[in-house]
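Single-letter residue listing:
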Amino acid sequence: MKLQSSKGDFITSMLKDCYNNLNWLAAIMNITGDSALLVTNIFPQLPYFWAVFLTQDKYLAMTNLFHRLAEIEAHQPYLLNNEVKRGTRCLAQCVLIDDEEGTWNRCWVVDMVSDFAIVFFMDYGMTANVPISSLRQLNSDTFWLTPPLAQPFMLKEGCCSIDLVRSIIKGKTNGFCSNEKLFPIPNSQHELWWTVPKVDGAISTFVKQTTIPVEDSSSLKEPMDKKLENMLRKMF
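Note that this is a predicted model, so its numbers are computed, not measured.

1. Structural notes on the environment of Tyr 48
Here is step 1 of the chain: Tracing the backbone through its elements, the reader meets Tyr 48 in strand 2 (residues 48–53).
Here is step 2 of the chain: Given the relative accessible area of 16%, Tyr 48 is considered buried.
Here is step 3 of the chain: Placed 104 residues apart in sequence, Tyr 48 and Pro 152 show a C-alpha to C-alpha distance of 7.1 Å.

Following this line, the structure appears as structure tokens:
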């Protein structure tokens, strides 16, 4: 899967900030042959998923890392709001399946929205929105010597379901998938992606807060909004 250079540069920069050494990237792109994968995250109704490639070395690295994190997490201080920025290395609670208690795992901050941080759990291949006040410090390089445990995969046939999470699947891995080009969007599809469809006003009135463009958009406005709009027009 190829990405736009701008996105690829951002991801590479984040990885360098977290791990300093990126020599492990070449190794994970050349995995081929019979494989056993521990699925950690899936994209429903799509063939894409994240998994840990199960080898003896990877298993030892995983158990050692999680054991050390469990030992220190209660002693790690919480981050202050002004300490959190894009690329911050930290600890946050990761929930793989709803209704289960989260476990503390290493992550980095992708972005912030108000009092929440969007974090990426690189050992599970998943993102989450968590309160900034819930993030703990984890900036010691000793916890970042282990490369990300999870990596993206794609099913050759079929789509993923939530039942795959935490299961082990076996099969043949064909190596890095370079035959699917998603970015940039082909010129022939630009109009499809960037032209906003119009919706009949009668349908849109069911949702008063909608931002879907309709021919008679005034029908979606609340009476108070109309009064404010008229006042502003008179003033300016």
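2. Some points on the sheet that holds strand 3 (residues 89–94)
Two modes of strand pairing occur in sheets, parallel and antiparallel, and in both the strands are linked by backbone hydrogen bonds.
Here is step 1 of the chain: Spatial strand order, 6-5-4-3-7: five strands in an open sheet with antiparallel pairing. Each having just a single partner strand, strand 6 (126–131) and strand 7 (136–137) make up the two edges of the open sheet.
Here is step 2 of the chain: As paired strands, strand 3 and strand 4 (residues 103–113) are joined by six bridges and run antiparallel to one another. Residue pairing across strands places Cys 90 opposite Cys 107, the latter belonging to strand 4.
Here is step 3 of the chain: Contacts from helix 3 (residues 56–72) reach strand 3 and strand 4 within the one sheet, and its direction differs from that of strand 4 by about 80 degrees.

3. A closer look at the packing of aromatic side chains
Here is step 1 of the chain: Counted under the stated rule, the structure contains four aromatic pairs.
Here is step 2 of the chain: Each ring, one from Phe 66 and one from Tyr 124, has its centre 6.1 Å from the other, and the planes form 5 degrees; the classification is stacked. Placement of the pair is Phe 66 in helix 3 and Tyr 124 in the loop between strand 5 (116–121) and strand 6, with a sequence separation of 58 residues.
Here is step 3 of the chain: Both rings, one in Trp 108 and one in Phe 120, keep their centres 5.5 Å apart while their planes meet at 45 degrees; by these two values the pair is tilted. A residue pair is termed long-range when its members are at least 10 positions apart, and Trp 108 in strand 4 and Phe 120 in strand 5 qualify at 12 residues.
Here is step 4 of the chain: For Phe 120, a relative accessible area of 15% translates into the label buried.
Here is step 5 of the chain: Of the aromatic side chains, those joined through ring pairs into one cluster are Trp 50, Trp 108 and Phe 120.

4. Observations regarding the environment of Arg 68
Here is step 1 of the chain: With respect to the secondary-structure elements, Arg 68 resides in helix 3.
Here is step 2 of the chain: Note: C-alpha distance between Arg 68 and Phe 143 (75 residues apart in sequence) is 8.4 Å.

5. Quick word on the pairing of strand 3
Here is step 1 of the chain: With five of its six residues buried, strand 3 lies for the most part within the structure.
Here is step 2 of the chain: As judged from the two bridges shared by strand 3 and strand 7, these two strands associate in the antiparallel manner. Bridged to Cys 90 within strand 7 is Gln 137.

6. Thoughts on unusual backbone geometry
Here is step 1 of the chain: A positive phi angle, near 65 degrees, is found at Gln 45, a position not held by glycine.
Here is step 2 of the chain: Examined against the element boundaries, Gln 45 turns out to sit in the loop between strand 1 (32–42) and strand 2.
Here is step 3 of the chain: The residue Ser 114 is not glycine, and still its phi comes out positive at about 60 degrees.
Here is step 4 of the chain: Looking at the secondary structure, you find Ser 114 in the loop between strand 4 and strand 5.

Definitions and limits used
- Residues numbered from 1 in each chain as written.
- Predicted model: local features only at pLDDT ≥ 70, side-chain atom pairs only at ≥ 80, totals over all residues.
- Heavy atoms only, no water.
- Helix = DSSP H or I, 4+ residues; strand = E, 2+ residues; numbered from the N terminus.
- Buried < 20%, exposed > 50% of the residue type's maximum accessible area, 1.4 Å probe, protein only.
- Pairing = 2+ DSSP bridges.
- Contact = heavy atoms within 4.5 Å.
- Axes fitted to C-alpha atoms, helices over the stretch in contact; angles between N-to-C directions.
- Phe/Tyr/Trp six-rings, centres within 6.5 Å; stacked < 30°, edge-to-face > 60°.

On their own, these measurements won't tell you what the molecule is for.
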